[in-house]
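Next come the chains, spelled out residue by residue.
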Amino acid sequence: MRSLCLRCLRPQATCYCARVPRVDSRTHVVFLQHPRERRVAIGTARMAHLALSNSELHVGLDFTNHARLAELAARPERVAVLFPGEEAMSIEEARANPPETLIVVDGTWPLARKLVKSNPLLAGLPRIGFVPRRPSNYRIRAEPADHCVSTIEAVVEVLGLLEGGQERFDTLLGAFDFMVDTQLERQSTRDGPARKRLYKSPWRPPLELRSIAEDFEHLVLLYAEANAHPQEENLPSELAHLVAMRPSTGERLEAVLAPRQPLARSTSLHVELPEAELLAGESVDSGLARFQAFLRPGDKLAVWTTFALDLLRRDGFPVPEAVNVRLASARALKQKTGGVEQAAELLGAPRLEPWARGRAGRRIAALEAVVRALAERGRATEPPARRSMAPGHVPPERGGGN
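Below or above, wherever it landed, is the structure these notes cover. Note that the coordinates shown come from a computational prediction; the quantities given were computed from them, not determined experimentally. (Residues numbered from 1 in each chain as written. Predicted model: local features only at pLDDT ≥ 70, side-chain atom pairs only at ≥ 80, totals over all residues. Heavy atoms only, no water.)

## Comments concerning the overall build of the protein
Along the protein, the regular secondary structure elements total 17 helices and 10 strands. Out of the 402 residues belonging to the protein, those deemed buried represent 50%. Relative to all contacts within the protein whose residues are 6 or more apart in sequence, the contacts with residues 24 or more apart total 72%. (Helix = DSSP H or I, 4+ residues; strand = E, 2+ residues; numbered from the N terminus. Buried < 20%, exposed > 50% of the residue type's maximum accessible area, 1.4 Å probe, protein only. Contact = heavy atoms within 4.5 Å.)

Right under this line is the structure:
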């Protein structure tokens, strides 16, 4: 029998305790773990609990008579559950009135959803949803999971957004990355036969791809460039060029917005529009009014990163639900994607000619190509054929747009 570490409950050979930092947080984090998840070797809720000094972990299915949860639920104005859904508040809304306690449900998507629905105390509490900054590094499972990110990645992301100081919370991911790399290395060097499931459900495309296919008629692709100053100038980025298109109908919108603060020296260069054209752009109120009229009830914005959404929110624009296309691309390719133009190439998507000016024109065309390729994969009934690819690193996208 393998010797286990009594702290992280992992075999001594793969113990990650030495890599777990001790991080203080203003927010009290309460992990509610489904019992099945406790037995999973690659679970991350315990890892996050060990790292966060202001946290607690409870395992169970029925929390109806759970004294601690009842105590927290008695003050719903100070508590929120980290769980997505139409009724969930955005991270911006939560940041305006941050909860004192964040309840995190740990389990696979079906198990976590069942746990929330079957416990009235949880179902009645406010919820928080968020769009991840980047795809998950949860590379252990052979097929992408329904979760966009692991429990520890979600907690790191949300605490950074609620409290600031994202770098401080990112240190929690050191142990997570070590665990993933160690597990992959051991799988690659295993001498015996690979483990097999006793039961295997029918193949389905990853949830992110199915969602893009199902929501295709309501998707509005969005790309935005910014008038971005060097950090030492302490001036916030502002919208400079906004492009949007509806792939189901081909409708398009482009707005070049006049700067409200001095035009940064590099803006014309990275936006790839003449300085005179940027200075002569329409007002931000006019451009956003046209964009608002372009949208329809039920639309979802499809973006490569959250940068464009952040720019819109700074101007008070009511941002609808958004789809992270970069994350979906990583799920489809099972690797990091680089920028949107690189992702289009990796997906084998046909090249589309730009219809808008500047760098935004190229990237909205690439975003359309990516979304169409992902929607096609989301409708598939069989897994895609394996493609041989030359090894190499895809460099991250550079510049001030999204």
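So, next bit.
## Points about the sheet that holds strand S3 (residues 79–82)
Reading across from one edge, S2-S1-S4-S3-S5 is the order of the five strands in this open sheet, with parallel pairing throughout. Of all strands in the sheet, those with a lone pairing partner are strand S2 (55–59) and strand S5 (127–128), marking the two edges. Sheet topology places S3 next to strand S4 (residues 101–106); four bridges connect them, and they run parallel. Residue pairing for S4: Ala80 is matched across the bridge by Leu102. Docked against the sheet, helix H7 (residues 151–163) engages strand S1 (28–33), S3 and S4, running at close to 160 degrees with respect to S4. (Pairing = 2+ DSSP bridges. Axes fitted to C-alpha atoms, helices over the stretch in contact; angles between N-to-C directions.)

## Things to note about the sheet that holds strand S6 (residues 219–227)
Taken together, five strands build an open sheet; the order of strands is S8-S7-S6-S9-S10 and the sheet is mixed. Looking at which strands have only one partner, the edges of the open sheet turn out to be strand S8 (251–256) and strand S10 (322–324). Taking each pair of neighbouring strands and ignoring which way they run, the sheet shows an average axis angle of 25 degrees. The sheet contact formed by S6 and strand S7 (residues 238–246) spans seven bridges and is antiparallel. Across the sheet, the residue bridging to Ala226 is Leu239, located in S7.

## Section: the nonpolar core
Membership of the largest hydrophobic core comes to 37 residues, with the highest contact counts inside it found for Tyr16, Phe31, Leu52 and Ile152. The dominant element in this core, judged by the number of residues it contributes, is H7, at seven residues. Counting residues in hydrophobic clusters, the runner-up holds 33 residues, among them Phe216, Ala360, Ala369 and Leu374. (Core = buried A, V, L, I, M, F, W, Y, C linked by side-chain atoms within 4.5 Å.)

## Focus: helix H5 (residues 109–117)
Listing the buried residues of H5 in full gives Leu111, Ala112, Leu115 and Val116. All buried residues of H5 lie within an arc of 135 degrees about the axis, which places them on one face of the element. Exposed positions of H5 whose direction lies more than 90 degrees from the buried face are Lys114 and Lys117. In this structure, the buried residues of H5 make contact with helix H1 (35–38), S4, helix H6 (120–123) and S5. (Arc of directions from axis to C-beta.)

## Section: the packing of aromatic side chains
Taken as a whole and assessed by the stated rule, the structure comprises one aromatic pair. Pairing Phe291 with Phe317 gives two aromatic rings, centres 5.2 Å apart and planes at 25 degrees, and the pair type is stacked. You can see Phe291 sitting in helix H13 (residues 284–294) and its partner Phe317 sitting in the loop between helix H14 (307–314) and S10, a full 26 residues away along the chain. Its relative accessible area of 0% is what places Phe291 among the buried residues. (Phe/Tyr/Trp six-rings, centres within 6.5 Å; stacked < 30°, edge-to-face > 60°.)

## So, the packing of helix H15 (residues 325–333) against helix H17 (residues 358–378)
It is at 11 Å that the axes of H15 and H17 come closest, and there the two elements cross at 50 degrees. Classified by the interaxial angle, the pair formed by H15 and H17 is oblique. Like other packed secondary-structure pairs, H15 and H17 cross with a definite hand, here left-handed. Only Leu367, Val370, Val371, Leu374 and Arg377 of H17 make contact with H15, whose side of the interface consists of Val325, Ala328, Ser329 and Ala332. Here the contact of H15 with H17 is composed, by residue class, of seven nonpolar, one polar and one charged. (Parallel < 35°, antiparallel > 145°, perpendicular 65-115°, else oblique. Left-handed = near helix turned anticlockwise from the far one by under 90°. Nonpolar A, V, L, I, M, F, W, Y, C, P; charged D, E, K, R; others polar.)

## A look at the pairing of S1
S1 sits mainly inside the fold: six of its six residues count as buried. Burial along S1 is two-sided: His28, Val30 and Leu32 and Val29, Phe31 and Gln33, pointing in opposite directions, are all buried. Of the pairings in the sheet, the one linking S1 to S4 comprises six bridges and is parallel in character. When the sheet's bridge partners are listed, His28 is paired in S4 with Thr101.

## A look at the pairing of S8
Bridge count for S7 against S8 is six bridges, and the pairing is antiparallel. Residue Leu242 lies in a different strand from S8, and its bridge partner there is Ala255. Taking the residues between adjacent antiparallel strands as the criterion, S7 and S8 are bridged by four residues, where Gly250 takes a positive phi near 85 degrees.

## Digging into the environment of Arg133
Relative to the assigned elements, Arg133 resides in the loop between S5 and H7. Assessed through its relative accessible area of 29%, Arg133 is described here as partly exposed. For the pair Arg133 and Thr306, spaced 173 residues apart in sequence, the C-alpha separation works out to 6.8 Å. Leaving out residues up to four positions away in the same chain, Arg133 has contacts with Glu157, Gln166 and Asp170.

## Let's talk about the side chain of Arg127
Locating Arg127 in the fold gives a position in strand S5. A residue is classified by how much of its surface remains accessible, and Arg127, at 12% relative accessible area, is buried. In this structure, Arg127 is in contact with Val81, Phe83, Pro84, Glu87, Ala88, Met89 and Val116, ignoring residues within four places of it in sequence.

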